[in-house]
Amino acid sequence: SNQIESFEQLQGFMEQCVPAYEKLAQERQGIAEQIARLEQLLYAYSELQPYVEYHKTSNSMKGFAKRNYDKAHQTELEMYDSYRADLKRMLATDDKITPKKWTEQKARLEAKLQASNPGYAKVVTELASAEVIEHNRKMYALTREAEQRQRNRVPKHKKNEQSL
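For the structure given in this document, a descriptive report is provided here.

What counts, and at which threshold
Residues numbered from 1 in each chain as written. Predicted model: local features only at pLDDT ≥ 70, side-chain atom pairs only at ≥ 80, totals over all residues. Heavy atoms only, no water. Helix = DSSP H or I, 4+ residues; strand = E, 2+ residues; numbered from the N terminus. Expected span 1.5 Å × (residues − 1). Bend = angle between axes of the 7 residues up to and from the residue. Phe/Tyr/Trp six-rings, centres within 6.5 Å; stacked < 30°, edge-to-face > 60°. Buried < 20%, exposed > 50% of the residue type's maximum accessible area, 1.4 Å probe, protein only. Lys NZ or Arg CZ within 6 Å of the ring centre and 35° of its normal. Salt bridge = Lys/Arg side-chain N within 4 Å of Asp/Glu carboxyl O.

1. Looking at helix H1 (residues 7–60)
(1) Moving on: The terminal C-alpha atoms of H1 lie 76 Å apart, and with 54 residues this matches the ideal 80 Å at 1.5 Å per residue to within 8%.
(2) Moving on: In the structure, H1 departs most strongly from a straight axis at Pro50, where the bend amounts to approximately 45°.

2. Some remarks on the packing of aromatic side chains
(1) Moving on: According to the stated counting rule, one finds two aromatic pairs in the structure shown.
(2) Moving on: Residues Tyr21 and Tyr120 carry aromatic rings whose centres are separated by 6.0 Å and whose planes lie at 20° to one another, so their mutual orientation is stacked. In this pair, Tyr21 sits in helix H1 while Tyr120 sits in helix H4 (residues 99–152), placing the two residues 99 residues apart along the sequence.
(3) Moving on: Exposure remark for Tyr120: the relative accessible area of 21% places this residue in the partly exposed category.
(4) Moving on: Over the face of the ring belonging to Tyr120 we find Arg28, whose NZ or CZ atom lies 4.4 Å from the ring centre.
(5) Moving on: Over the ring of Phe7 we find Arg137, and its NZ or CZ is 5.1 Å from the ring centre.

3. Here we look at the pattern of salt bridges
(1) Moving on: Under the criterion given, the structure shown has eight salt bridges.
(2) Moving on: Here Glu27 makes a salt bridge to Lys23, at a shortest N to O gap of 3.4 Å. With Glu27 and Lys23 both in helix H1 and four residues apart, this pair spans about one turn of that helix.
(3) Moving on: Given the relative accessible area of 39%, Glu27 is considered partly exposed.

Read these as geometric descriptors, not functional statements.
Below, the structure written as structure tokens:
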């Protein structure tokens, strides 16, 4: 796709590709970090979720029935409070616990990340190919220099023959 016919053009192409690669990599990293955060929130919610029903039931009761229920389910209610506090610590001060919204956000971000794969793969492949060509060019130049030095060096036993 790229008509590169000289090493100068290759160098220019690489200089163009690096900023594009860095921009895409940074965007993808940001998306991946957001996804990881949402996964942490969803995991924390999944730990809280089994105890939500106990909390709702307790809050729906009044008086003696509530006291008996709370006493019978003290451990579950304490677990609810503990997991809820953990989850709240992970959120900003005003944020609500919204697992459906988090799941939707995560799905959108994963789709966005998936959509960026072809462009990212293209840039990475082109840049890697250019770097391999550049590396091979340098290695070829070093090999040629070594061969040239080898040819220019006169073996010691030939020097001795000439002096006789």
